[in-house]
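Overview (structure and organization)
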Amino acid sequence: MTHTNRRFLLAKRPVGAVRRDDFTFEAVPAAEPGDGQVLVRNLYLSLDPAMRGWMNEGKSYIPPVGLGEVMRALGVGEVISSRHPDYKPGDHVSGALGVQDYFTGEPQGLHKIDPRLAPLPRYLSALGMTGMTAYFALLDVGQPKAGETVVISGAAGAVGSLVGQIAKIKGCRVVGIAGGAQKCQYLKDELGFDGVIDYKAEDVLAGLKRECPKGVDVYFDNVGGEILDAVLTRINFKARIVICGAISQYNNKEAVKGPANYLALLVNRARMEGFVVMDHAKEYGKAAQEIAGWLASGKVKSKEDVVEGLETFPETLLKLFSGENFGKLVLKV
Ligand SMILES: NC(=O)c1ccc[n+]([C@@H]2O[C@H](COP(=O)([O-])OP(=O)(O)OC[C@H]3O[C@@H](n4cnc5c(N)ncnc54)[C@H](OP(=O)(O)O)[C@@H]3O)[C@@H](O)[C@H]2O)c1
């Protein structure tokens, strides 16, 4: 039986925020799996700020999506036909499935997941790349110690909200920077953050002085730009700054704005270190087990924001940049 595969191909390199006409949205017959291949029906796709970077030409930590290629996306789906000995119809898998209804190809890079252990979107949030990022970037690069103050930007987002909860488990004072009263309330009331700063409603520097009376030992940066500069003025001796992302800069039409206050690193003998989650691929299993334990015991909560309809992909992706997503943004195919 032939399946119709709707798919988004990258048609041109976006300038600034993505637009629908940066993509070709077409419907073609899904390819039948060849020898050693599988056919997967995509069920949920992970929408990530990094997708914007993957559309740009130039050197990065992975090659850009080529023009005319299916837009890259992580996702979860169900194998519906297989010519690979290790996979059978009904298996659920996670991996780079693309912004399309069906994935046909070799299963290298896919791994099996169990829908009985967790709802499928959770394999894209706390139990997926998002959770791995929060876990390894905070623990390996941030190295938080009990009693220290950890500040997180993008704190109500997918990665940030997990970082804050893990820092609480490690005994830290946790301060989140997020946009809007509702998100800030959620961080305090639901996730147990010690302090919040609503960057859309107040001066971040004033908020840092109020919420971090002992300065900042770990800054987990998801947004870059002016907020990074503000936090730099409040760091402590030997502070660690985790450069996880810089979403405020991803849609820039001009050059990325770097931190003006970087000499705070010198004065405080502090360090700023970049992080890429894929470097930890071999350790995902161990981290997923620990996170699953925290989820089961209620120490960590995972929130997914599921939007329906593959066809809404360009507009739904934009929610990450306007802050309209509340939790891990997932597209239900
Ligand atoms: N290095 C890695 O390996 C790796 C892996 C995964 C993710 N990341 C990075 O982690 C960060 C968070 O990703 P995520 O998937 O968890 O997304 P997310 O935080 O769930 O969503 C993005 C959030 O960023 C905030 N934001 C958008 N524009 C902003 C601006 N100009 N200034 C301040 N905040 C802004 C919005 O929250 P508000 O409503 O609070 O504004 C929005 O909800 C991104 O920078 C991403 O690139 C890095």
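Scroll up to find the structure this text is about.
Just so we're clear, the structure is a prediction, and the values are computed from it rather than from any experiment. (Residues numbered from 1 in each chain as written. Predicted model: local features only at pLDDT ≥ 70, side-chain atom pairs only at ≥ 80, totals over all residues. Heavy atoms only, no water.)

Remark: helix H2 (residues 129–142) packs on helix H8 (residues 284–297), axes separated minimally by 10 Å, with the N-to-C direction vectors making an angle of 95°. When the interaxial angle is binned, H2 and H8 end up roughly perpendicular. Across the interface between the two elements, Gly131, Met132, Tyr135 and Phe136 of H2 pack against Tyr284, Lys286, Ala287, Ala288, Glu290, Ile291 and Trp294 of H8. Partitioning the contact of H2 with H8 into residue classes produces eight nonpolar, one polar and two charged. (Axes fitted to C-alpha atoms, helices over the stretch in contact; angles between N-to-C directions. Helix = DSSP H or I, 4+ residues; strand = E, 2+ residues; numbered from the N terminus. Parallel < 35°, antiparallel > 145°, perpendicular 65-115°, else oblique. Contact = heavy atoms within 4.5 Å. Nonpolar A, V, L, I, M, F, W, Y, C, P; charged D, E, K, R; others polar.)

A few words now on unusual backbone geometry. Phi at Gln143 is positive, roughly 45°, even though this residue is not glycine. Locating Gln143 in the fold gives a position in the loop between H2 and strand S8 (149–153). A positive phi angle, near 45°, is found at Arg269, a position not held by glycine. Mapped onto the elements, Arg269 comes out in the loop between helix H7 (263–267) and strand S13 (271–274). Under the relative-accessibility criterion, Arg269 is labelled exposed at 53%. (Buried < 20%, exposed > 50% of the residue type's maximum accessible area, 1.4 Å probe, protein only.)

What follows concerns helix H6 (residues 225–232). The buried fraction of H6 is high, at seven of eight residues. Those residues of H6 not exposed but buried are Gly225, Ile227, Leu228, Asp229, Ala230, Val231 and Leu232. Buried residues in H6 make contact with S8, strand S9 (173–178), helix H5 (204–211), strand S11 (216–221), strand S12 (235–243) and H7.

What follows deals with the site of the ligand. Near the ligand lie 26 residues; those nearest to it are Val159, Gly179, Lys183, Tyr199 and Asn325. In this structure, Val159 approaches the ligand through a main-chain N or O atom, which is 2.8 Å from an oxygen atom. The contact in question runs from an oxygen atom of the ligand to an N or O atom on the side chain of Tyr250, over 2.8 Å. Isolated, the ligand exposes 920 Å² of accessible area, and the fraction of that covered by the protein chains is 91%. For the shell around the ligand, the secondary-structure elements that each account for two or more residues are H2, helix H3 (158–169) and helix H9 (313–322). (Near = heavy atom within 4 Å. Polar contact = N/O pair within 3.5 Å; in protein donor to acceptor, adjacent residues only side chain to side chain. Areas by Shrake-Rupley, 256 points an atom, 1.4 Å probe, with all protein chains shown as cover.)

Here we come to the sheet that holds S9. Strand pairing within a sheet occurs via backbone hydrogen bonds; the two strands may be parallel or antiparallel. The sheet built from six strands is open, its strands ordered S10-S9-S8-S11-S12-S13 with parallel pairing. In this open sheet, the two strands that pair with only one neighbour each are strand S10 (195–198) and S13. Taking the axes of each pair of neighbouring strands and ignoring which way they run, one obtains an average angle of 15° across the sheet. Bridge count between S8 and S11: three bridges; the pairing is parallel. In the strand pairing of S11, Val151 is matched with Tyr219. This element, H2, spans S8, S11, S12 and S13 of the sheet and lies at about 145° to S12. Along the sheet, helix H4 (residues 181–189) contacts S9 and S10; its crossing angle with S10, the most-contacted strand, is approximately 170°. (Pairing = 2+ DSSP bridges.)

In this section: the nonpolar core. Counting residues in each nonpolar core, the largest one holds 49 residues, and the members touching the most others are Tyr135, Leu138, Ile152, Leu187, Phe220 and Ile291. Per-element accounting of this core gives the leading share, eight residues, to H2. Sequence-distant contacts of Ile291, that is, excluding residues within four places in its chain, are made with Ala126, Leu127, Gly131, Met132 and Tyr135. With 21 residues, the next largest nonpolar core counts Val216, Ile227, Leu265 and Ala270 among its residues. (Core = buried A, V, L, I, M, F, W, Y, C linked by side-chain atoms within 4.5 Å.)

Attention now moves to the packing of aromatic side chains. Taken as a whole and judged by the stated rule, the model has seven aromatic pairs. When the ring of Tyr135 is compared with that of Phe136, the centres are 5.0 Å apart and the planes differ by 75°; the resulting orientation is edge-to-face. Taken as a pair, Tyr135 and Phe136 share a single burial class, namely buried. Taken together, a centroid distance of 6.1 Å and an interplanar angle of 40° make the contact between Tyr135 and Trp294 tilted. Linking Tyr135 in helix H2 with Trp294 in helix H8, this pair joins segments that are 159 residues apart in sequence. (Phe/Tyr/Trp six-rings, centres within 6.5 Å; stacked < 30°, edge-to-face > 60°.)

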